[in-house]
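Single-letter residue listing:
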Amino acid sequence: MEPRKYLIARRLFFWLFFIMFVVFTPAVVFYSLGYKLDLKTKKFLKTGIISIKTFPKGVDVYLDGKKHREASPCIIREAMPNEYVVTLEKNGFYTYSVPIEVKPSIVSDIDVILVPEMRNVEKLKFNFNVYRFFFNKHFFGDKIVIFTDKGVYFLDSDFKGIEKISSKDFGADVASAIVDLKESNNRLMFYSDKNVWFLEFPQDRSSKEKDVMPVYKADEFIKDAFFGIRDRYLVIQDGLKVIAMDIQNPAVVFPIFQLRSINSKVFYDNRAEILYIRDKVMPAGTFSFFRIELMPLINEKREKEATIFNLGT
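Values in this document were obtained by computation on a predicted structure and should not be read as measured data.

Novice: Would you explain the layout of surface pockets in this entry?
Specialist: With a probe scaled to a water molecule rolled over the atoms, the places where space remains empty come into view. If you add up the space inside the second largest pocket, you get close to 360 Å³. Around the second largest pocket, the lining comprises 13 residues; the ones closest to its centre are Leu63, Lys66, Ile76, Ala79 and Tyr84. Broken down by secondary-structure element, the contributors of at least two residues to the lining of the second largest pocket are strand 5 (66–67) and strand 6 (74–79). When residues in the lining of the second largest pocket are grouped by element, the largest group, four residues, is from strand 6.

And the structure:
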């Protein structure tokens with residue numbers, strides 16, 4: 001090569017590499033610092049990160065309809081600041097879509113539990129008309145109490161066992177109005193806003209079935225009811241009053257507390273025999289919290305009655 005041409009070629013390569021250095025070096029530096037060129041604005045913008053976790057794992061991830069190269073859990077790096085829609089898909093599960101906003105230098109987290117598609121729906125094998133059911137916690141396995149046109153039953157939560165506890169058919173209207181149900185020592189108490197029923201169910205199949213007893217009819221409306229006072233009484237919130245009713249003698253009713261607001265809340269702890277009350281305080285009109293130990297009151301009343309009896313004799 002001639003010296004002149006060689007010199008021109010050297011100068012040409014020098015300026016070419018110089019221009020490439022000037023153009024690409026800032027881009028490489030910006031890229032290493034987490035910047036990318038936004039083709040819309042023609043500006044370098046600081047990127048963000050999308051972190052995706054799912055249960056189960058191995059879920060296909062789509063960002064604005066474009067499939068990401070990795071399944072979950074995964075991290076989408078160098079995402080331009082913008083609003084996206086992340087779609088998660090896995091065979092046998094419902095598709096999950098969630099909008100997410102990516103901000104500069106911020107990690108946007110997505111943590112999702114996918115819901116399996118409903119395929120294996122198990123039906124109760126008996127042809128009952130089920131009016132109402134309640135899930136009842138048991139130490140030896142949870143039970144479901146179902147009210148049907150064939151009576152009241154205990155049903156195992158896995159549907160493998162069923163046991164009749166009463167032949168009483170409440171009918172759809174009455175059974176649907178039942179608000180809650182409580183169990184204590186082979187006895188059930190359930191109530192609507194107007195009535196309380198009591199049922200002592202047999203401990204084994206050989207025992208004779210007992211009738212469902214209506215034990216209380218509300219003067220106003222029943223807001224809550226509990227087993228209480230050594231399970232001999234029912235503690236009932238009826239409108240603005242809290243009463244104790246003897247289960248064996250339902251006509252025997254004692255007033256316990258007079259509430260001041262229909263928005264009051266009552267809870268009875270039958271293990272400690274303590275009544276808790278949220279009620280309005282007058283004249284302030286604010287609500288406070290009260291605690292009443294019933295057993296000391298009952299013992300005190302018994303001692304007074306015994307004293308009066310001894311004085312009388």
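Past the structure itself, the notes keep going.
Novice: So what exactly am I meant to see when it comes to the sheet that holds strand 21 (residues 253–258) here?
Specialist: Two strands in a sheet stick together by hydrogen bonds in their backbones, pointing the same way (parallel) or opposite ways (antiparallel). Here we have four strands laid out as an open sheet, ordered 18-19-20-21, and antiparallel in their pairing. Two strands bound the open sheet, and with one partner strand each, they are strand 18 (222–228) and strand 21. Adjacent strand axes in the sheet meet at a mean angle of 20°, parallel and antiparallel pairs treated alike. The pairing of strand 19 (residues 233–238) with strand 20 (residues 241–246) spans six bridges and is antiparallel. Residue pairing across strands places Asp238 opposite Lys241, the latter belonging to strand 20.

Novice: Which parts of the structure should I look at to understand the sheet that holds strand 11 (residues 143–148)?
Specialist: Taking strand neighbours across the sheet as the criterion, the four strands line up as 10-11-12-13 in an open arrangement whose pairing is antiparallel. A strand with exactly one partner marks an edge of an open sheet, and here the two such strands are strand 10 (130–136) and strand 13 (162–166). Taking each pair of neighbouring strands and ignoring which way they run, the sheet shows an average axis angle of 25°. Two strands pair when backbone bridges link them, and strand 12 (residues 151–156) and strand 13 are joined in this way by four bridges, in the antiparallel orientation. If you follow Phe154 over to strand 13, its bridge partner there is Glu163.

Reading the values: the criteria
Residues numbered from 1 in each chain as written. Predicted model: local features only at pLDDT ≥ 70, side-chain atom pairs only at ≥ 80, totals over all residues. Heavy atoms only, no water. 1 Å grid on protein atoms, 1.4 Å probe; cavity = no way out; pocket = protein on both sides within 12 Å on 5 of 7 lines; lining within 4 Å. Points joined across faces, edges and corners; volume = space filled by probe spheres on them. Helix = DSSP H or I, 4+ residues; strand = E, 2+ residues; numbered from the N terminus. Pairing = 2+ DSSP bridges. Axes fitted to C-alpha atoms, helices over the stretch in contact; angles between N-to-C directions.

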